[in-house]
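Each chain, written out:
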Amino acid sequence: MGKTVLAVIIFMFLVVSSVSSEEITYRKHIKPIFDSKCIACHGANSAPEYYAFKEEQDKWLAKGQGMRMDTYSHLIFYTAWPDTGSIMRRLDDGKNTKDGKPGNMYKYLGSTEEERQRNLEIFKKWVGNWTLKRWAEITKEDMNGIKVKY
Ligand code: HEC
């Protein structure tokens, strides 16, 4: 085997292992996805706080708007508490849902299946414990697995 080939193989190995062991953070990985895929309907300019959305749900749905999620503090509201498991239920591709259907926000993760899967994988690693459970069902152990690093 030529030296160059060997060097390339070693280099590839280092790249792959550094990516897979890299810690997923909101600032580095999640925010860029959110800003390109979700912000149009969940951004500060147009989307209300969750409870304001709930109070006038019909009005916001008629405008095609969701609730505000465009900061770290807003987004984690939808992981562990109080809207426990919401991100996971909505973004799941159907592998963990009861009816086997993808959550209704999964389609926004990308324009191709490959892109959606790639971004879902990043969200899964960021959350840490991909549980779809609600507050009433979740255990302390489940909660301990939720990472959501800033
Ligand atoms: C085209 C507009 C649109 C885009 C793009 C969009 N959403 Fe939504 N989203 C909505 C609307 C409207 C709702 C409220 C209706 C519903 O619950 O389905 C919603 C609801 C949600 C909820 C449920 C919150 C709750 O009530 O528990 C989550 C979580 C969510 N979106 C996450 C995302 C994420 C993450 C992305 C990007 C990958 C995204 N959405 C992209 C429009 C959008």
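Preceding this section is the structure that the text describes.
Predicted model, so just to flag it, every value in this text is computed and none were measured.

Novice: How do you make sense of the overall build of the protein chain when you look at a structure like this?
Specialist: Within the protein chain, the secondary structure is distributed over 9 helices and 0 strands. Ordered by position from the N terminus, the helices and strands of the protein chain form the series α-α-α-α-α-α-α-α-α. In terms of overall dimensions, the protein chain has a C-alpha envelope of 65 × 35 × 30 Å along the principal axes. Relative to its 150 residues, the protein chain shows a buried fraction of 21%. Summarising the internal contacts of the protein chain: among those between residues at least 6 apart in sequence, 52% fall at separations of at least 24.

Novice: Just to check I follow, could you spell out the environment of G110 for this structure?
Specialist: Along the chain, G110 falls in the loop between α7 (86-91) and α8 (113-127). When the 17 C-beta atoms within 10 Å are taken as the criterion, G110 is described as partly exposed. Through-space distance from the C-alpha of G110 to that of T97 is 20 Å; in sequence the pair is 13 residues apart. Sequence-distant contacts of G110, defined by excluding residues within four places in its chain, comprise E115, R116 and N119.

Novice: Would you mind going over the environment of W81 with me for this structure?
Specialist: Mapping W81 onto the fold places it in the loop between α6 (72-76) and α7. On the basis of neighbour count, W81 is assigned to the partly exposed category, with 13 C-beta atoms found within 10 Å. Counting along the chain gives 10 residues from W81 to L91, while the straight-line C-alpha distance between them is 17 Å.

Novice: Looking at this model, I keep getting lost on the packing of helix α2 (residues 26-37) against α8. Mind explaining?
Specialist: If you want to describe how two helices pack, look at the angle between their axes and the distance between the axes. At their nearest, the axes of α2 and α8 sit 10 Å apart, and the two run at 135 degrees to each other. By the angle class used here, α2 and α8 are oblique. In the crossing of α2 with α8, the sense of the turn from one axis to the other is left-handed. The residues of α8 that touch α2, namely those facing H29, I30 and I33, are N119, I122 and W126.

Novice: What should I look at first to understand α8 in this one?
Specialist: Residues lying three or four places apart along an α-helix face the same way, a consequence of the helix completing one turn every 3.6 residues. Its 15 residues give α8 an end-to-end C-alpha distance of 21 Å, which sits within 8% of 21 Å, the value for a rise of 1.5 Å per residue. Those residues of α8 not exposed but buried are N119, L120, F123, W126 and V127. Looking straight down α8, one finds that the buried residues subtend no more than 120 degrees of arc, so they occupy a single side. Taken together, the buried residues of α8 touch α2 and α7. Two residues or fewer after α8 comes G128, characterised by a positive phi angle close to 95 degrees.

Novice: Is there a simple way to explain unusual backbone geometry in this structure?
Specialist: If a residue is not glycine, its phi is most likely negative; likewise, a peptide bond is most likely trans. With omega at 0 degrees, the peptide bond leading from W81 into P82 counts as cis. By the element assignment, P82 lies in the loop between α6 and α7. Phi is positive for V148, which is not a glycine, with a value near 35 degrees. With respect to the secondary-structure elements, V148 resides in the segment after α9 (140-144). On the basis of neighbour counts, which here come to 17 C-beta atoms within 10 Å, the residue V148 falls in the partly exposed class.

Each value, and the rule that gives it
Residues numbered from 1 in each chain as written. Predicted model: local features only at pLDDT ≥ 70, side-chain atom pairs only at ≥ 80, totals over all residues. Helix = DSSP H or I, 4+ residues; strand = E, 2+ residues; numbered from the N terminus. Buried ≥ 20, exposed ≤ 12 C-beta atoms within 10 Å, placed from the backbone. Contact = placed C-beta atoms within 7 Å. Axes fitted to C-alpha atoms, helices over the stretch in contact; angles between N-to-C directions. Parallel < 35°, antiparallel > 145°, perpendicular 65-115°, else oblique. Left-handed = near helix turned anticlockwise from the far one by under 90°. Expected span 1.5 Å × (residues − 1). Arc of directions from axis to C-beta.

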